[in-house]
Amino acid sequence: MTTVSQLAMAHGDGGCQVQASDWAHAFRIFVGTSPMERINFWNCRNLRPGWSQATNALILDESFFSDSSLLKQLGNYLNKNNFLGHGNGPHQVALHSIEHTREELCRFAESLKSLTWNSVSVPSTFDSVALPESRDLDHAFQAVSTASSLKLTENFTHLRAEEPPHTAFLDPQLKSYGRGQWIVELVIERHNNLSKYSNVVDVWELPARNKVARAFTKDLARPTRHGRLAIMPSSTDTLLRSRAAGSPSYYDLLLPSDEEFFRHLALNFHRYPDEDVRSSLPKHGYVDIAVSDKGQNLRGVIAMFGQLSVAHEVIANAYWRKVLDAAPERSAAPRIFSIDKLRSLAVDDRDSLVKIAGNNGLKDAKEARKFLQDGLLDTLENLIRAKVFFQIFGWRCGYCGHANSKLFDDMRIKNECAICSTTFHAPIDIEWAYELNAFVHRSLKLNGGLPVMWTLGHLLDRSSSRSFWFLPEVDLFPEVDSLEKNEIDSLCIEGGKFYAVEVKRSVTTFLNAPGGIEKFCMIISRLRPDVAMLSFERYTNDGVDGMLAKQRLADAVAVIRERIAPWTQLEILVAEDVGGFDDVPYDLGWGGSRVRSLDIKRSMAL
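Okay, so let's go over this structure. (Residues numbered from 1 in each chain as written. Predicted model: local features only at pLDDT ≥ 70, side-chain atom pairs only at ≥ 80, totals over all residues. Heavy atoms only, no water.)

**Details of the overall build of the chain**
- Helix and strand counts for the chain stand at 17 helices and 23 strands.
- The C-alpha radius of gyration computed for the chain amounts to 33 Å, which surpasses the reference 25 Å derived for 606 residues by more than 25%, pointing to a less compact arrangement than a globule.
- Once the C-alpha set of the chain is aligned to its principal axes, its extents read approximately 110 × 80 × 55 Å.
- For the chain, with 606 residues in total, the buried portion stands at 45%.
- Sequence separation of at least 24 residues holds for 69% of the intrachain contacts in the chain that already meet a minimum separation of 6.
- For the chain, the accessible area works out to roughly 32400 Å², and carbon and sulfur atoms hold 52% of it.
- If you average the places of the 69 positive and of the 75 negative side-chain charges in the chain, the two averages end up 3 Å apart. (Helix = DSSP H or I, 4+ residues; strand = E, 2+ residues; numbered from the N terminus. Rg over C-alpha atoms; globule rule 2.2 N^0.38 Å. Buried < 20%, exposed > 50% of the residue type's maximum accessible area, 1.4 Å probe, protein only. Contact = heavy atoms within 4.5 Å. Areas by Shrake-Rupley, 256 points an atom, 1.4 Å probe, with all protein chains shown as cover. Lys, Arg positive; Asp, Glu negative; His and termini not counted. Charge placed at Lys NZ, Arg CZ, Asp CG, Glu CD.)

Okay, structure coming up:
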């Protein structure tokens, strides 16, 4: 049933609503008829909690409390419609008035208490003006409005913008007041969803840059404060004209790729006419960007895992980083590991095993060792399925001496040497070896993609439920038809903020590079991101003179801070300072049937 008070509030919300903590947790009854009482009543209705659409306030004359029949009806109304309060306690009702004293309000409250299950009181702020505090404005939320869901193609969609529904309530003689323009605010789901959670779909959470709207539409549009896309639909080909009643409005919408989005964000598309005095202003941005060969390789490795979050949790954890470091530097050399070699790279000293046991709720070092061994098999099994490793068998031909190897899928009981075709019969106790994919080795080890992957995964982890997307290893071209280019390790959006990220193996690598600071500052000045990030795996390559590297980094940060714009935040991330970076997970990254079986046995033993 819809009450009269709810009908009175229909379509009365503003574009943005404030939940005032001092006014949101009780039903307010304003007693009086003065203009100030009415203003307080009107204000309070717009300070209700975001989860509730029911009315949270009434205004009554003092004579109302002298009528027992009306008071009984008010008590029933509060029992059925008021759900405001704190925790599991009774629902709250508070009386307010400017023209009545506290004693009078207490008398009114006493007459109502016996007729309702609600707790009725007179607060100490009974005569305060219903206004939000400054702290409440930081938590403003979008007022509930008429919403509809649409399915889009990834190319181009022409959509009709339905007129605001409250215009349907206008009297016939006032229909002309329904003419004009309105805004359509869009929450657009990302088709390239990077969310870690299966039941959460990321949305396009846009940074505060008007030019990114051109990636989605050619209509008049801009990002809102909350990162949504606000579009002003147009009638035919004329904007802001006097629209006849019933005349439809339309807007166009397309879903850009991540690369196309960052092109609109990083490039300087806008050009003022020569006669415009603003044409002489300094130009920002680049004329073109492209994902470099290294960036394409890194995207390929991430695609092998299915998504960034899985790649980060598995191949970028402490154990598999050690495995990658154990692979030969020369790309032509075989990158083959025996199972014993892989086991030897896992922690095996008692102190480390006790630490793993303590961090993961295991009984002792022996149980931790068992979990690590089974975790290695589970993870290696999944890495083979993802083609990060290949399961192979190798033998040396007894006739020509050639070192042969075959994949698991190609191995037979009867095999031939690749050179002389000498027959080799596979032994029954065959010992498999595991070869690291050359593409993965080149992308992560030789091209330095592993620290970039870890940084992107860390940003994704900390973004929690906020949207995140990125471009890895980007080439930036400052001039047209020029071979000159700059490089940045990643452009990304985290929670609606534009990040430009430079990643280095160590702080000393960055500081010792000639012109490294100057080049970074120049790129940041052109891109003008919200956050300029420097990410390092460690302070030094050899672990020596860490304190000196920290001091040098602090000095460099002061220099960079002076050279970049004040609206750009500078953030320093050092992986070895992040908790858990050097800790080996007991499942080694990819828990499977073996680890789950141990978990079940442990649970049953508790």
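**Quick notes on the sheet that holds strand β20 (residues 486–494)**
- Taken in spatial order, the six strands line up as β12-β19-β20-β21-β22-β23 in an open sheet, and their pairing is mixed. Of all the strands in the sheet, the pair left with one neighbour each is β12 (288–291) and β23 (569–574). On average, each strand axis in the sheet is inclined to that of its neighbour by 35°, with strand direction left out of account.
- Pairing analysis gives four bridges linking β12 to strand β19 (residues 468–477), with the strands arranged antiparallel. Within β19, the position partnered with Val291 by the bridge is Val474.
- Contacting β19, β20, β21 (497–506), β22 (531–538) and β23, helix α13 (residues 449–463) crosses the sheet at an angle of about 140° to β21. (Pairing = 2+ DSSP bridges. Axes fitted to C-alpha atoms, helices over the stretch in contact; angles between N-to-C directions.)

**Considerations on helix α2 (residues 35–45)**
- Within α2 the residues assigned to the buried category are Glu37, Asn40, Phe41, Cys44 and Arg45. Around the axis of α2, the buried residues are gathered within 130° of arc, so they sit on the same side. (Arc of directions from axis to C-beta.)

**Describing the environment of Met304**
- On the secondary structure map, Met304 appears in helix α6 (residues 293–305).
- In sequence terms Met304 and Val440 are 136 residues apart; their C-alpha atoms lie 9.4 Å from each other.
- Among all residues touching Met304, those that are not within four sequence positions of it are Ala386, Lys387, Val388, Asn437, Phe439 and Val440.

**Overview of the pairing of β23**
- Where β22 meets β23, six bridges bridge the pair, whose relative direction is parallel. In the strand pairing of β23, Leu534 is matched with Ile572.
- On the question of chirality, the crossover connecting β22 to the parallel β23 by way of helix α16 (residues 546–563) is right-handed. (Right-handed = clockwise from strand over helix to strand, strands pointing away.)

**Topic: the pairing of strand β4 (residues 92–96)**
- Extensive coverage of β4 is indicated by the burial of five of its five residues.
- Residues of β4 alternate between two faces, with Gln92, Ala94 and His96 on one and Val93 and Leu95 on the opposite face, all of them buried.
- Taken together, the four bridges between strand β2 (residues 27–31) and β4 define a ladder with parallel strand orientation. Considered in β4, the bridge of Arg28 is made with Ala94.
- Examined bridge by bridge, β4 and strand β5 (residues 119–121) share three bridges and lie parallel to one another. Following the sheet pairing, Val93 is matched in β5 by Val120.
- Note on the crossover from β4 through helix α4 (residues 102–113) to β5: the handedness is right-handed.

**With respect to unusual backbone geometry**
- You will see that Glu473, though not glycine, has its phi angle at about 50°, which is positive.
- You can see Glu473 is positioned in strand β19.
- For Glu473, a relative accessible area of 9% corresponds to the buried category.
- The phi dihedral of Arg528 is positive, around 55°, even though this residue is not glycine.
- Tracing the backbone through its elements, the reader meets Arg528 in the loop between α15 (516–527) and β22.

**Focus on empty space enclosed by the protein**
- Summed over the entire model, instances satisfying the criterion amount to three cavities of 30 Å³ or more.
- Considered as a void within the structure, the largest cavity measures approximately 50 Å³ in volume.
- Contributing to the lining of the largest cavity are Leu194, Ser195, Lys196, Tyr197, Val200, Asp202, Leu460, Ser464, Ser465 and Arg466.
- Of the residues that constitute the lining of the largest cavity, the class distribution is four nonpolar, three polar and three charged. (1 Å grid on protein atoms, 1.4 Å probe; cavity = no way out; pocket = protein on both sides within 12 Å on 5 of 7 lines; lining within 4 Å. Points joined across faces, edges and corners; volume = space filled by probe spheres on them. Nonpolar A, V, L, I, M, F, W, Y, C, P; charged D, E, K, R; others polar.)

**A look at the state of the cysteines**
- Counted under the stated rule, the structure contains zero disulfides.
- Cys44 supplies the cysteine sulfur nearest to Cys106, a cysteine that is in no disulfide, at a spacing of 19 Å.
- Free of any disulfide, Cys400 has its nearest cysteine sulfur in Cys417, 3.6 Å distant.
- Assessed through its relative accessible area of 35%, Cys400 is described here as partly exposed. (Disulfide = S-S within 2.5 Å.)

**Section: helix α10 (residues 350–359)**
- Taken together, the buried positions of α10 are occupied by Leu353, Ile356 and Ala357. Looking straight down α10, one finds that the buried residues subtend no more than 100° of arc, so they occupy a single side. Exposed residues on α10 whose side chains face more than 90 degrees from its buried face are Asp351, Gly358 and Asn359.
- On its buried side, α10 packs onto α11 (365–385).
- Immediately downstream of α10, the backbone of Gly361 shows phi near 70°, a positive value.

**What to know about the pattern of salt bridges**
- Scanning the entire structure with this criterion turns up 21 salt bridges.
- Between Glu502 and Lys504 there is a salt bridge, with its nearest N and O atoms 3.3 Å apart.
- A salt bridge links Glu518 to Arg563, with the nearest nitrogen and oxygen atoms 3.5 Å apart. You can see Glu518 sitting in helix α15 and its partner Arg563 sitting in helix α16, a full 45 residues away along the chain.
- Taking relative accessible area as the criterion, Glu518 reaches 43% and is therefore assigned partly exposed.
- One continuous salt-bridge network, built from bridges that share partners, spans Asp378, Glu381, Arg385 and Arg594. (Salt bridge = Lys/Arg side-chain N within 4 Å of Asp/Glu carboxyl O.)

**Topic: the side chain of Gln391**
- Following the sequence through the fold, Gln391 ends up in strand β14 (residues 389–396).
- In contact with Gln391, not counting residues within four places along its chain, are Ile384, Lys406, Leu407, Phe408, Trp432, Ala433 and Tyr434.

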